[in-house]
Amino acid sequence: AFAEESRDVADALSVLGAALVRSNSFGEAEAISRQALTINLKLHGADDEAVAVSRKDLGALLCSTGRVSAGLAQLSEAAAFFTRHPSVEPRSAVIIRGAYGSCLTRARRFHEAEAELLRSYEDTLRLGDNPEWRAEAASRLATLYAAWNKPSEAMKFREATAPRGK
């Protein structure tokens, strides 16, 4: 536990958790992500963007380590925040919906995953088509359609991940 529980501490923990995930230190990343979520809940209550982002971090980690049900619980809460507050930071919503859709794909809940991932993809395009975000959103859709045994749809989104000519 930290002597000071501030937004800065929670933000630092979130960055550390992400770095631990990238280094495959999943147990430590989970503990750190849970601390960030706890601090954000204490500071802001459950209905806050910082809490939604912390839930996304933890949920995506849980899903990626095979704890899909636990991951979906966190990610569905995170996505619900942006449904209740559609005017809040749209880029956060894109990231959270993408993570939620990916976890739904892992759970083989394809119809729900498709809805989240298409919305994330369309929002990415609407927000200015950041090439990296567009490619990631398209890749998530390609993965969904491949798992769902829809090869023509998968190919369409695989082609969308290719760099565009200038």
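Refer to the structure above for everything that follows.
Residues numbered from 1 in each chain as written. Predicted model: local features only at pLDDT ≥ 70, side-chain atom pairs only at ≥ 80, totals over all residues. Heavy atoms only, no water.

### Quick word on the state of the cysteines
The tally for this structure, following the rule as stated, stands at one disulfide. Across the disulfide from Cys63 sits Cys103; the S-S distance is 2.3 Å. The sign of the S-S torsion, about 110 degrees, decides the handedness of the disulfide formed by Cys63 and Cys103: right-handed. In this pair, Cys63 sits in helix H3 (residues 49-64) while Cys103 sits in helix H5 (residues 90-106), placing the two residues 40 residues apart along the sequence. (Disulfide = S-S within 2.5 Å. Helix = DSSP H or I, 4+ residues; strand = E, 2+ residues; numbered from the N terminus.)

### Some thoughts on the packing of helix H7 (residues 131-147) against helix H8 (residues 151-160)
Where H7 contacts H8, the axes come no closer than 8 Å and their chain directions differ by 160 degrees. By the criterion of interaxial angle, the relationship of H7 to H8 is roughly antiparallel. The two elements H7 and H8 meet at a crossing, and its hand is left-handed. Seen from H7, the contacting residues are Arg134, Ala138, Leu141, Ala142, Tyr145 and Ala146; seen from H8, they are Glu153, Ala154, Phe157, Arg158 and Ala160. Residues of the contact of H7 with H8, tallied by class, amount to eight nonpolar, no polar and three charged. (Axes fitted to C-alpha atoms, helices over the stretch in contact; angles between N-to-C directions. Parallel < 35°, antiparallel > 145°, perpendicular 65-115°, else oblique. Left-handed = near helix turned anticlockwise from the far one by under 90°. Contact = heavy atoms within 4.5 Å. Nonpolar A, V, L, I, M, F, W, Y, C, P; charged D, E, K, R; others polar.)

### Thoughts on H8
Buried within H8 are the following residues: Ala154, Phe157 and Ala160. An end-on view of H8 places all buried positions within 115 degrees of arc, on one side of the element. Along H8, exposed side chains directed more than 90 degrees from the buried face belong to Pro151, Ser152, Lys156 and Glu159. The inward-facing, buried residues of H8 abut helix H6 (110-126) and H7. (Buried < 20%, exposed > 50% of the residue type's maximum accessible area, 1.4 Å probe, protein only. Arc of directions from axis to C-beta.)

### A word on the side chain of Glu30
Position of Glu30 relative to the elements: it lies in helix H2 (residues 26-44). Leaving out residues up to four positions away in the same chain, Glu30 has contacts with Leu58, Leu61, Leu62 and Arg67.

### Focus: unusual backbone geometry
Positioned with a positive phi, Asn24 is a non-glycine residue whose angle comes to about 65 degrees. Position of Asn24 relative to the elements: it lies in the loop between helix H1 (7-22) and H2. Judged by its relative accessible area of 55%, Asn24 falls in the exposed class. Of note in this structure, Arg108 is not a glycine but carries a positive phi near 65 degrees. Tracing the backbone through its elements, the reader meets Arg108 in the loop between H5 and H6.

### A look at H3
Taking 1.5 Å of rise per residue, the 16 residues of H3 would be expected to cover 22 Å, and the 22 Å separating its terminal C-alpha atoms lies within 8% of that figure. Along H3, the residues classified as buried are Ala50, Val51, Ala52, Ser54, Arg55, Lys56, Leu58, Gly59, Leu61, Leu62 and Cys63. Buried residues in H3 make contact with H1, H2, helix H4 (68-84) and H5. At the N-terminal boundary of H3, the capping side chain belongs to Asp48, with an oxygen 2.8 Å from the backbone nitrogen of Ala50. Downstream of H3 by a residue or two, Gly66 has a phi angle that is positive, lying close to 90 degrees. (Expected span 1.5 Å × (residues − 1). Polar contact = N/O pair within 3.5 Å; in protein donor to acceptor, adjacent residues only side chain to side chain.)

### Concerning the nonpolar core
Among the nonpolar cores identified, the biggest contains 29 residues, and Tyr121, Leu141, Leu144, Tyr145 and Phe157 are the most heavily contacted of them. Mapped onto this core, the elements with two or more residues apiece are H3, H4, H5, H6, H7 and H8. Per-element accounting of this core gives the leading share, seven residues, to H4. Setting aside its immediate chain neighbours within four residues, Leu144 contacts Thr105, Phe110, Ala113, Glu114 and Leu117. (Core = buried A, V, L, I, M, F, W, Y, C linked by side-chain atoms within 4.5 Å.)

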